[in-house]
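Listed here are the chains, written in short residue letters.
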Amino acid sequence: MTDSSITVLPSNGEVFSNEAAACGLLAEFYLHNPDVDFAKALGELIPEGFTDDSRIQTAVGILCTEAEKVRSNEEALLNLKRDWTKLFRGISPSYGPTAPYAFLFLKGKTVEMMGDLAALYIDGGYDGYMQIHDRIDYIGTCLRFLMTVDLQIVHAIETKAAVEYSRLSLCRKVFLETYLMPWVFEFTARAREHAQTHFYRSVLDLTDLVLNYFAGAHKKSVTLMSAEESKKMATAEEKEIQKMVANMERGQDVPD
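Bringing the environment of T207 into the picture now. Within the secondary structure layout, T207 lies in helix α9 (residues 198-215). Here T207 is in contact with L26, Y30, V184 and T188, once residues within four sequence places are set aside. Among the polar contacts listed, one links the side chain of T207 to the side chain of Y30, at a separation of 2.7 Å.

Structure, rendered in structure tokens:
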């Protein structure tokens, strides 16, 4: 008999290290408004540096090639900026796809889910969301969290910290199965219908490839909001924000 409470550490953390690198790259695509410096940095990527999976290597290679094209082409760069804004920023519910916020896809009470996700971030030793000027359920923030947890898992393996490895692995599992994998492929499918550039279509493809390759075992089938339900929620949130801004502006106009 074996004791099921005993944690067997992997021989090395290469898989988690590769996942961290791939998720770190993906996060930049969602967090970074493309510019010339960003395009230059992408041109220096080595596709083989993330995994030995040929499909991921090919997808990264395509992005490197596409980035090279915009380095000296202002119109092409402007098209990337337009696509990035439309696909990822949720400027308006009527402009582009459902923005990549987990709680515009997952059904439940948003405030409670936000609280639970924030608690998981703290458990996973992640405070980087404080430096990201966006909601904690934004895909870029989520990918940064996964990267952070992966790097800590690698350290736990290297230092043979079995208890810490077990705790962090649970954080990763809960995060993937509850807050990322149930909705992310629905987002990329909706976004593809609106993508105007080969670059960002390739980003969406790379997102699917990376998460399927590293976290496919954690896919969960749940009932998501329809595109129309997501739009209604986003519209309601937009109206609430506009109301808050209007109240703040009126307050500023009131003399002391």
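From this point, things continue past the structure.
What follows concerns the pattern of salt bridges. Taken as a whole, this structure holds 15 salt bridges when the rule is applied. Across the salt bridge formed by R172 and D150, the nearest N and O atoms sit 3.6 Å from each other. Residue R172 is found in helix α7 (residues 162-180), and its partner D150 is found in helix α6 (residues 139-158); the two are separated by 22 residues along the sequence. The exposure class assigned to R172 is buried, which follows from its relative accessible area of 10%. Its relative accessible area of 0% is what places D150 among the buried residues. Measuring nitrogen to oxygen at the nearest pair gives 2.7 Å for the salt bridge that ties D208 to R192. With D208 in helix α9 and R192 in helix α8 (residues 184-192), this pair connects stretches of sequence that are 16 residues apart. It is possible to trace a salt-bridge network through shared partners that takes in E19, D150 and R172.

By the secondary structure assignment, E66 is in helix α3 (residues 54-70). By relative accessible area, which is 13% here, E66 ends up buried. One polar contact links E66 to K69, side chain to side chain, over a distance of 3.0 Å. In this structure, E66 is in contact with H198 and F199, ignoring residues within four places of it in sequence.

It is worth spelling out unusual backbone geometry at this point. At K160, a residue that is not glycine, the phi angle is positive and equals roughly 55°. By the secondary structure assignment, K160 is in the loop between α6 and α7.

Further remarks concern helix α5 (residues 110-123). Between its terminal C-alpha atoms α5 stretches 20 Å, which fits the 20 Å expected from 14 residues at 1.5 Å a residue. Where α5 is concerned, the buried positions are M113, M114, L117, L120 and Y121. Angular distribution of buried residues about the axis of α5 spans 125°; they occupy a single face of the element. Exposed side of α5, more than 90 degrees from the buried face: V111 and I122 are the residues found there. Its buried side turned inward, α5 meets α6 and α7. Positioned one or two residues after α5, G125 has a phi angle of 70°, which is positive.

Procedures and definitions
Residues numbered from 1 in each chain as written. Predicted model: local features only at pLDDT ≥ 70, side-chain atom pairs only at ≥ 80, totals over all residues. Heavy atoms only, no water. Helix = DSSP H or I, 4+ residues; strand = E, 2+ residues; numbered from the N terminus. Contact = heavy atoms within 4.5 Å. Polar contact = N/O pair within 3.5 Å; in protein donor to acceptor, adjacent residues only side chain to side chain. Salt bridge = Lys/Arg side-chain N within 4 Å of Asp/Glu carboxyl O. Buried < 20%, exposed > 50% of the residue type's maximum accessible area, 1.4 Å probe, protein only. Expected span 1.5 Å × (residues − 1). Arc of directions from axis to C-beta.

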